[in-house]
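# Structural description and commentary
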Amino acid sequence: MNLRPFHVDLHIHSKYSGATSQRMDIETIAQQAKLKGLAIIGTGDVFHPVWFESIKKSLSKIDEGTFEHSRYGTRFVLSTEVEDKDRVHHLIFFPSVSAVESVREVFAKHSREIDLDGRATLSIPATEIADVAVEHGCLVGPSHAFTPWTSMYKEFDSIGDCYKDSVGKVSFLELGLSADTDLADRISELSEITFISCSDAHSPWPDKLGREFNRMELDDATWEEVVKAIRREGGRRISLNVGFDPRLGKYHLTACSQCFKQFGFDEAKKLNWKCDIDGGWVKKGVIDRVNELADFPEPRHPPHRPPYLKIAPLAEVVALTISSPDPHSPEVSDVWQKLVRKFGNEIFVLVDAPLESLVESAGPRFAAVVKAFRERNLRVVAGGGGQYGRLELPGEFSNVLPSPSQRKLSEFGI
Ligand SMILES: [Zn+2]
Ligand SMILES: [Zn+2]
């Protein structure tokens, strides 16, 4: 047994889900995953007939539950998200093509649009979804558990209220972009459960795909190994949850869903969750929801909990350090490509590359921002109401004069 780290993103959507990029096809996902540095991706949307066919056609089977793109080497496991009768979203991971077919057959009886939308809506409760999934050898758990739409804690005050007698069948909880382990570990009922961090990407570009992911210690990039890591068996485990600073998420603070005005919890309550500017719905932020549910004022991490590393997409970090503020500009793209070509993939640049080599490739200002970020010193303007938060340079960098690349390293604390 030779356990080594693999980067795994288990929650994406294909082009057959609502509001997704037309480029969410297997080829592009496999290629972009490689550039990002992801070894294993959840296929998403396996109940969609056309998507399921293209999975079977374009990927080669490694074992019953593991599939590989021959050109890019990206591995896939079979996955989907479903919505239950209470509008709560769940993730399901499947051991085989035949398990997908059998579970689909059961769920099709409870869904009008299983053929139409990649994320099927079912008219059954969470309990039944967990029962059917586990009966067929799948893993199941709540998606983006804290968001103020379509999540477990939006609808219920506890995991037991959601899954009832079947709560023991839940094998993980997805943190979602607006939460991290520091927030989730303030809730005592979650101490035994494995947290996964996934991108929920709707487009394949590297600011979306793998924007959150798990570092898993596995013997090989296969379904069986992923299951063991989630169950924390045989030494396999998630050794790092990597994701957004929760303040960068769209629903971190309580805010109006129309004009994004942010409110304190008491203020929002007093206004009856209606914005005093435009009458829009005020969505309860994840931080306020966690405060309502929390048993502890500070996180109490159980011994098995891996650290949570906060990152942001490389394009956004690059944009912060050059004159172009737009992460999609050609200027940013040039630097992004240069870095990814040199270091092999985006995750390595963000998480692992030695700072000195980042200085050589993209200048001291870039290296200083990555350092600030690895050391949790980057300023974040929190998001809310559906608006993402944004990164800001820490005070000492924001006044840096032009030509930062000519300045000495020591000025940036490296
Ligand atoms: Zn969802
Ligand atoms: Zn408003």
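Residues numbered from 1 in each chain as written. Chains lettered and ligands numbered in written order. Predicted model: local features only at pLDDT ≥ 70, side-chain atom pairs only at ≥ 80, totals over all residues. Heavy atoms only, no water.

## Observations regarding the coordination of the zinc ion (ligand 2)
In the first shell of the zinc ion (ligand 2), the protein supplies C256 (SG), C259 (SG), C275 (SG), D278 (OD) and D278 (OD), at 2.2 to 2.7 Å from the metal. Counting the intervening residues between successive donors of the zinc ion (ligand 2) yields the motif C-x2-C-x15-C-x2-D. In this pair, C259 is assigned in the loop between β13 (255–256) and α9 (265–270) and D278 in the loop between α9 and β14 (282–283), connecting sequence segments 19 residues apart. The exposure class assigned to C259 is partly exposed, which follows from its relative accessible area of 32%. (Donors = N, O, S within 2.8 Å, 3.2 Å for Na, K, Ca; no water. Helix = DSSP H or I, 4+ residues; strand = E, 2+ residues; numbered from the N terminus. Buried < 20%, exposed > 50% of the residue type's maximum accessible area, 1.4 Å probe, protein only.)

## Things to note about the packing of aromatic side chains
Throughout the structure, instances matching the rule amount to seven aromatic pairs. Seen from their ring centres, F93 and F172 are 5.0 Å apart, and the 25° between their planes marks the pair as stacked. Of this pair, F93 sits in strand β6 (residues 89–94) while F172 sits in strand β9 (residues 172–174), and the two are 79 residues apart along the sequence. Three or more aromatic residues joined by ring pairs form one cluster here, namely F47, F94 and F107. Its end group placed over the ring of W281, K274 keeps NZ or CZ at 4.9 Å from the ring centre. A cation over a ring is seen here: R305 above F195, with NZ or CZ 3.5 Å from the ring centre. (Phe/Tyr/Trp six-rings, centres within 6.5 Å; stacked < 30°, edge-to-face > 60°. Lys NZ or Arg CZ within 6 Å of the ring centre and 35° of its normal.)

## Comments concerning the domain arrangement of the chain
If you check the domain split of the chain, you get domain 1 (4–247) and domain 2 (313–414). Computed over C-alpha atoms only, the centres of domain 1 and domain 2 are separated by 30 Å. With 16 residues of domain 1 at the interface, the matching set in domain 2 holds 18 residues. Here domain 1 and domain 2 share an interface that buries about 1300 Å² over both sides, 63% of which is from carbon and sulfur atoms. Three residues, L35, D207 and R247, lead the burial of domain 1 against domain 2; their summed loss comes to 41% of the area buried on that side. Notably, a salt bridge pairs R215 with D352, separated by 3.0 Å at the nearest N-O pair. On the surface where domain 1 and domain 2 come into contact, there are seven residue pairs in polar contact (both at pLDDT 80 or more). When contributions to the side of domain 1 that touches domain 2 are tallied by element, the ones reaching two or more residues are α1 (26–36) and β11 (213–218). (Domains from an automatic or database assignment. Contact = heavy atoms within 4.5 Å. Buried area = accessible area lost by both parts, 1.4 Å probe. Salt bridge = Lys/Arg side-chain N within 4 Å of Asp/Glu carboxyl O. Polar contact = N/O pair within 3.5 Å; in protein donor to acceptor, adjacent residues only side chain to side chain.)

## Concerning the pattern of salt bridges
With the rule as written, the count across this model stands at 28 salt bridges. Among the salt bridges present, the one from E360 reaches K342, with a minimum N-O distance of 3.9 Å. In this pair, E360 is assigned in helix α14 (residues 355–374) and K342 in helix α12 (residues 330–343), connecting sequence segments 18 residues apart. Residues E375 and K371 are paired through a salt bridge, measuring 3.6 Å at the closest nitrogen-oxygen approach. By relative accessible area, which is 44% here, E375 ends up partly exposed. One connected set of salt bridges, linked through shared partners, spans D157, K284, R289 and E292.

## Structural notes on the coordination of the zinc ion (ligand 1)
Ideal donor angles around a metal are set by the shape: a four-donor tetrahedron calls for 109.5 degrees, a six-donor octahedron for 90 or 180 degrees. With distances of 2.1 to 2.8 Å, the protein atoms coordinating the zinc ion (ligand 1) are E81 (OE), E81 (OE), H89 (ND1) and H144 (NE2). Here the zinc ion (ligand 1) binds four donor atoms, and the angle range of 50 to 142° at the metal identifies the geometry as irregular. The sequence pattern formed by the donor residues of the zinc ion (ligand 1) is E-x7-H-x54-H. Within this pair, whereas E81 is found in strand β5 (residues 75–83), its partner H144 is found in the loop between β8 (139–142) and α5 (152–155), the two being separated by 63 residues in sequence. The class of E81 is buried, set by a relative accessible area of 1%. Look at H144 and you get buried, because its relative accessible area is 8%. (Tetrahedral: all angles 85-135°; square planar, octahedral: opposite > 155°, others 65-115°.)

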